[in-house]
Amino acid sequence: MKILAIRIKNLASLEGITEIDFTKPPLNAAGIFAITGVTGAGKSTILDALCLALYGKTPRYLQAKEQGIEVRDGKSGFINQGDCRGILRDGTGEGYAEVDFKGVDGNEYTATWRVRRARDKADGLMQGDSLELKNLHSGVHFTGRKKEIGDEIERLIGLNFEQFTRSVLLAQGDFTAFLK
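Small disclaimer: the values here were computed from a predicted structure and weren't measured.

(A) Region of interest: the pattern of salt bridges. Counting across every chain of the model gives 13 salt bridges. Here aspartate 21 and lysine 24 are joined by a salt bridge, their closest N and O atoms 3.8 Å apart. Here arginine 155 and glutamate 152 are joined by a salt bridge, their closest N and O atoms 2.7 Å apart. Taken together, the residues arginine 155 and glutamate 152, both in helix 3 (residues 146-157) and three residues apart, mark about one turn of the helix. Within this structure, Arg7, Glu19, Glu98 and Asp100 form a network of salt bridges that share partners.

So, in structure tokens, the structure goes:
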């Protein structure tokens, strides 16, 4: 599996559309690079978006889910603080995390996680999230429930979520566990 591009819209501190294309200069020639910036710049959001697009969940939100605290969402709703839909930027009606990747089968795909509020209005109630998968060569959209699409993405990546977060993405706060 090889990550080709990440696109983010209205997630956490990243307003509007943000794109990181690893197939174009200067990133296509970089052997290694660092994600740096001030607190709140969106560094962790980039990693969250990668996990959301591929697996529909993130290490950061899974840790928060265990605490069971509910937070206000809009005027009349509440969601669990560990609900990854809470990453939708305040004041926006919809957002997404999208990743182009080359699968273990050699084909290129786009995996997309979407979140929206009712009527795509900033004050609408949070709606269910969705996961999509498209083969970029054939244009075929994989259909099915979120779990079925997630299983197909997992097969194409060659790693489940736990394997991915242990070997590809070291989540913030998990460095101690990594050392142990």
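(B) View of unusual backbone geometry. Residue proline 25 is joined to proline 26 through a cis peptide bond whose omega torsion reads 0°. Mapped onto the fold, proline 26 is located in the loop between strand 2 (14-21) and helix 1 (43-55). At asparagine 10, a position not held by glycine, the phi torsion is positive, near 55°. Positionally, asparagine 10 belongs in strand 1 (residues 2-11).

(C) Molecular detail of the sheet that holds strand 2. Sheet architecture is open: six strands sit in the order 2-1-5-6-7-8, paired in antiparallel fashion. In this open sheet, the two edge strands, each paired with only one partner strand, are strand 2 and strand 8 (141-142). With nine bridges connecting them, strand 5 (residues 94-102) and strand 6 (residues 108-116) associate as antiparallel partners. Pairing of aspartate 100 across the sheet is with threonine 110, part of strand 6. With respect to the sheet, helix 3 is in contact with strand 5, strand 6, strand 7 (130-135) and strand 8, its orientation differing from that of strand 7 by roughly 45°.

(D) Inspection of the side chain of threonine 92 at higher detail. Checked against the element boundaries, threonine 92 lands in the loop between strand 4 (77-80) and strand 5. For threonine 92, a relative accessible area of 11% puts it in the buried group. Here arginine 89 takes part through its backbone oxygen, which lies 2.6 Å from a polar atom of the side chain of threonine 92.

(E) Structural context of the packing of aromatic side chains. This structure, assessed with the given rule, holds five aromatic pairs. Plain terms: the ring middles of tyrosine 55 and phenylalanine 164 are 5.4 Å apart, the flat faces sit at 50° to each other, and that makes the pair tilted. Of this pair, tyrosine 55 sits in helix 1 while phenylalanine 164 is found in helix 4 (residues 161-167), placing the two residues 109 residues apart along the sequence. Of the residues examined, tyrosine 55 reaches a relative accessible area of 12% and is grouped as buried. Under the relative-accessibility criterion, phenylalanine 164 is labelled buried at 0%. Linked through ring pairs, Tyr55, Phe161 and Phe164 together constitute an aromatic cluster.

Each value, and the rule that gives it
Residues numbered from 1 in each chain as written. Predicted model: local features only at pLDDT ≥ 70, side-chain atom pairs only at ≥ 80, totals over all residues. Heavy atoms only, no water. Salt bridge = Lys/Arg side-chain N within 4 Å of Asp/Glu carboxyl O. Helix = DSSP H or I, 4+ residues; strand = E, 2+ residues; numbered from the N terminus. Pairing = 2+ DSSP bridges. Contact = heavy atoms within 4.5 Å. Axes fitted to C-alpha atoms, helices over the stretch in contact; angles between N-to-C directions. Buried < 20%, exposed > 50% of the residue type's maximum accessible area, 1.4 Å probe, protein only. Polar contact = N/O pair within 3.5 Å; in protein donor to acceptor, adjacent residues only side chain to side chain. Phe/Tyr/Trp six-rings, centres within 6.5 Å; stacked < 30°, edge-to-face > 60°.

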